[in-house]
Amino acid sequence: MSATVRVSQIAQRRPRSGPQVRLTGLNHSKTISILSFTTFSATLTALSPRQNISCFQSRRFHSSSSSHSWAIPSVQHTGTKIQINWDSSSASKFHNFWLRDHCRCPKCFHSVTKQRLVNTFEIPPDIAPASVSGTSRGLEVIWDLPSHKSFYDWEWLKSNSYDPLFPEARSSVTAYGRISSNVKLWGRDIESHPPTVTHDSVMEDDKGLFDMLEKIVDFGFCFIKGVDATPQATEELTMKIGNIRHTQYGGFWDFTSDLAKGDTAYTTLALQAHTDTTYFTDPCGLQLFHLLSHTNGHGGESLLVDGFHVASLLHSSNPEAFDILTRVRVPTHAAGEPGAFYSSAPGNPIINLGHGSRSKDVVQIRYNNDDRSVMKDLKSAELEKWYDALRLWDKHLKDKDVEYWVQLQPGTAVVVDNHRVLHGRSAFTGKRRMCGAYVGMDDFLSKFTVLSEKFSPDNKAGRNIWSPLL
Ligand SMILES: C[N+](C)(C)CCCC[C@H](N)C(=O)O
Ligand SMILES: O=C(O)CCC(=O)C(=O)O
């Protein structure tokens, strides 16, 4: 089993500083990352070709969005690379070609569309700088043959450093490497203070909407109080977040226990904690539920479980089982609707880790034991180990300390991050009417990113060409 695996939380799209909570083994370790962008006037000191270091060590500058002051890095170019000496103990090397290919000047990178204009394939593979210099704003490079001037922001270079990687400098990540600077893992104790907003605040303006999306990013779910107990109001609320994702169950659903669709959700049966649409290449991102009515019967309580929290518990208690569940592919299907047949075979792991610098982070839970297809690709001994690991996962998942049971009421909707939080329900009798919809993960994260730009203190200048997301 590899070294301690960190279970890190979902996504951030907001380049703000603050503690990142990562669960490392048994203990919670806090990782503080100062994320900032610099905006300073440049003072260029041209160097003769092939000359080495331009040293600004004596000068310092303060980044615009944190109190941190930085020594201006010294730079040097040697052959095919340019080296940036961040301090006495850390340096990055960038290929000349990589830097030229990533030039952000208006001729090379469309300032409005944020698309590459430079033709990668017309850049000489052996391109070399005529001069390099470190300025208070960033790295200046004058290229030779063909002549061209490029500038690179220091923070941008640090966060994009690949030789070496500086994971903590990665202020924002892709949808699947989602780290929040304010994440909270939770168990049953969340019942005393569940993340909650009001319908009016969400519908009133973008700030209210942003507050809700932030809670979803931090907790994996959020209640919305004061929603008219109608499908119309609920659909309108969902559309504030993003496009409704259509599936074999339709777009906006208003369902009950009549098997109108070929799925046990359309029955009175209990549903164990699960995530939805595990059988899609891209499982739905958000799922909104609003109980409209329940008459002449009992039960139908809703269950929420923080899958990232459960993954961290399993990793702490049995890292071998955790490792198996991050590797073994589990095929799932949806074949209850005559007009639809979805199969994810060979499937995906129940616990999904990120890629690259986040290869040790849990970024998605993908689990629905009822929708699981035949396990047929494992060798006999592996199958036994997988079932043992699955039983441990199930044991943690059903631990009373992680199950948050809540009786939904008409007027209060709940939106869930379907990549993190599992949901379920108890069996019920009587007439129960639930409505809701899916929103794609990409649409959710896009909306969150756009609102982060609008409300994050670091993004006054609007969409920054140095955004780590570009
Ligand atoms: C559409 N609505 C949410 C009512 C039902 C969805 C069925 C969920 C399915 N068993 C799955 O896990 O993907
Ligand atoms: O009926 C409910 O409360 C939830 C149904 C469910 O789990 C689902 O539709 O995925």
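Residues numbered from 1 in each chain as written. Chains lettered and ligands numbered in written order. Predicted model: local features only at pLDDT ≥ 70, side-chain atom pairs only at ≥ 80, totals over all residues. Heavy atoms only, no water.

- Looking at an unreviewed UniProt entry, one finds the chain named trimethyllysine dioxygenase and attributed to Schizopora paradoxa.
- What the UniProt record of the chain gives under Function (unreviewed entry) is the line "Converts trimethyllysine (TML) into hydroxytrimethyllysine (HTML)."
- Quoted verbatim from the Catalytic activity (unreviewed entry) field of UniProt, the annotation for the chain is "N(6),N(6),N(6)-trimethyl-L-lysine + 2-oxoglutarate + O2 = (3S)-3-hydroxy-N(6),N(6),N(6)-trimethyl-L-lysine + succinate + CO2". (UniProt positions renumbered as here; feature names shortened; annotations may be inferred.)

### Examining the packing of helix 6 (residues 307–317) against helix 7 (residues 319–327)
Part 1: Across the interface, helix 6 lies against helix 7 with an axial gap of 5 Å and an inter-helix angle of 130 degrees. Overall, the two elements helix 6 and helix 7 adopt an arrangement that is oblique. Of the residues in helix 7, those touching helix 6 at Ala311, Leu314, His315, Ser316 and Ser317 are Pro319, Ala321, Phe322 and Leu325.
Part 2: Taken together, the residues that form the contact of helix 6 with helix 7 break down as six nonpolar, three polar and no charged. (Axes fitted to C-alpha atoms, helices over the stretch in contact; angles between N-to-C directions. Helix = DSSP H or I, 4+ residues; strand = E, 2+ residues; numbered from the N terminus. Parallel < 35°, antiparallel > 145°, perpendicular 65-115°, else oblique. Contact = heavy atoms within 4.5 Å. Nonpolar A, V, L, I, M, F, W, Y, C, P; charged D, E, K, R; others polar.)

### Considering the UniProt feature "domain: Gamma-butyrobetaine hydroxylase-like N-terminal" (unreviewed entry) in the chain
Part 1: As recorded in UniProt, the sites labelled "domain: Gamma-butyrobetaine hydroxylase-like N-terminal" (unreviewed entry) are residues 76–157.
Part 2: Structurally, residues 76–157 is divided into 12% helix and 41% strand, and its ends, taken at the C-alpha atoms, are 15 Å apart.

### Details of the packing of aromatic side chains
What characterises a pair of aromatic rings is the spacing of the ring centres plus the angle enclosed by the ring planes.
Part 1: Inspection of every chain in the model, using the stated rule, returns 25 aromatic pairs.
Part 2: Aromatic pair Phe94 and Tyr162: ring centres 5.6 Å apart, planes at 85 degrees, arrangement edge-to-face. Of the two residues, Phe94 sits in strand 8 (residues 90–95) while Tyr162 sits in the loop between helix 2 (154–159) and strand 12 (196–198), which places them 68 residues apart along the sequence.
Part 3: Ring centres 5.9 Å apart and planes at 50 degrees place the aromatic pair Trp253 and Phe289 in the tilted group. Of this pair, Trp253 sits in strand 14 (residues 253–255) while Phe289 sits in strand 16 (residues 286–295), and the two are 36 residues apart along the sequence. Here Trp253 matches Phe289 in class, with each residue buried.
Part 4: Grouping aromatic residues by their ring pairs yields a cluster made of Phe94, Trp98, Phe151, Tyr152, Trp156, Tyr162 and Trp466.
Part 5: Above the face of the Phe455 ring, Lys207 is positioned so that its terminal group lies 5.9 Å from the ring centre.
Part 6: Sitting over the face of the ring of Phe428, Arg432 holds its NZ or CZ atom 5.0 Å from the ring centroid. (Phe/Tyr/Trp six-rings, centres within 6.5 Å; stacked < 30°, edge-to-face > 60°. Buried < 20%, exposed > 50% of the residue type's maximum accessible area, 1.4 Å probe, protein only. Lys NZ or Arg CZ within 6 Å of the ring centre and 35° of its normal.)

### Description of the site of ligand 1
Part 1: Every one of the 15 residues lining ligand 1 counts as a neighbour, but Asp263, Thr277, Tyr279, Asn368 and Asp371 are closest to it.
Part 2: One of the side-chain N or O atoms of Tyr279 is found 2.7 Å from an oxygen atom in ligand 1.
Part 3: Protein chains bury 96% of the 380 Å² of accessible surface belonging to ligand 1 in isolation.
Part 4: Per-class residue counts for the shell around ligand 1 are seven nonpolar, five polar and three charged. (Near = heavy atom within 4 Å. Polar contact = N/O pair within 3.5 Å; in protein donor to acceptor, adjacent residues only side chain to side chain. Areas by Shrake-Rupley, 256 points an atom, 1.4 Å probe, with all protein chains shown as cover.)

### Quick look at the pattern of salt bridges
Part 1: This model, assessed by the stated rule, comprises 12 salt bridges.
Part 2: Across the pair Asp101 and Arg116 runs a salt bridge, and its minimum N-O distance is 3.4 Å. With Asp101 in helix 1 (residues 96–101) and Arg116 in the loop between helix 1 and strand 9 (129–134), this residue pair connects regions lying 15 residues apart in the sequence.
Part 3: A relative accessible area of 40% means that Arg116 is categorised as partly exposed. (Salt bridge = Lys/Arg side-chain N within 4 Å of Asp/Glu carboxyl O.)

### Observations concerning the side chain of Asn96
Part 1: Looking at the element boundaries, Asn96 is found in helix 1.
Part 2: Here the side chain of Asn96 touches Ile127 through a polar contact of 3.2 Å, landing on its backbone oxygen.

### Description of unusual backbone geometry
Part 1: In this chain, Asp163 is followed by Pro164 through a cis amide linkage whose omega measures 5 degrees.
Part 2: Residue position: Pro164 is located in the loop between helix 2 and strand 12.
Part 3: Ala345 connects to Pro346 through a cis peptide bond whose omega is 5 degrees.
Part 4: With respect to the helices and strands, Pro346 occurs in the loop between strand 19 (342–343) and strand 20 (351–353).
Part 5: A positive phi angle, close to 60 degrees, is found at Lys114, a residue other than glycine.
Part 6: Overall, the relative accessible area of 17% leaves Lys114 in the buried class.
Part 7: The backbone of Asn296 sits at a positive phi, close to 50 degrees, despite the residue not being glycine.
Part 8: Among the secondary structure elements, Asn296 is positioned in the loop between strand 16 and strand 17 (302–306).

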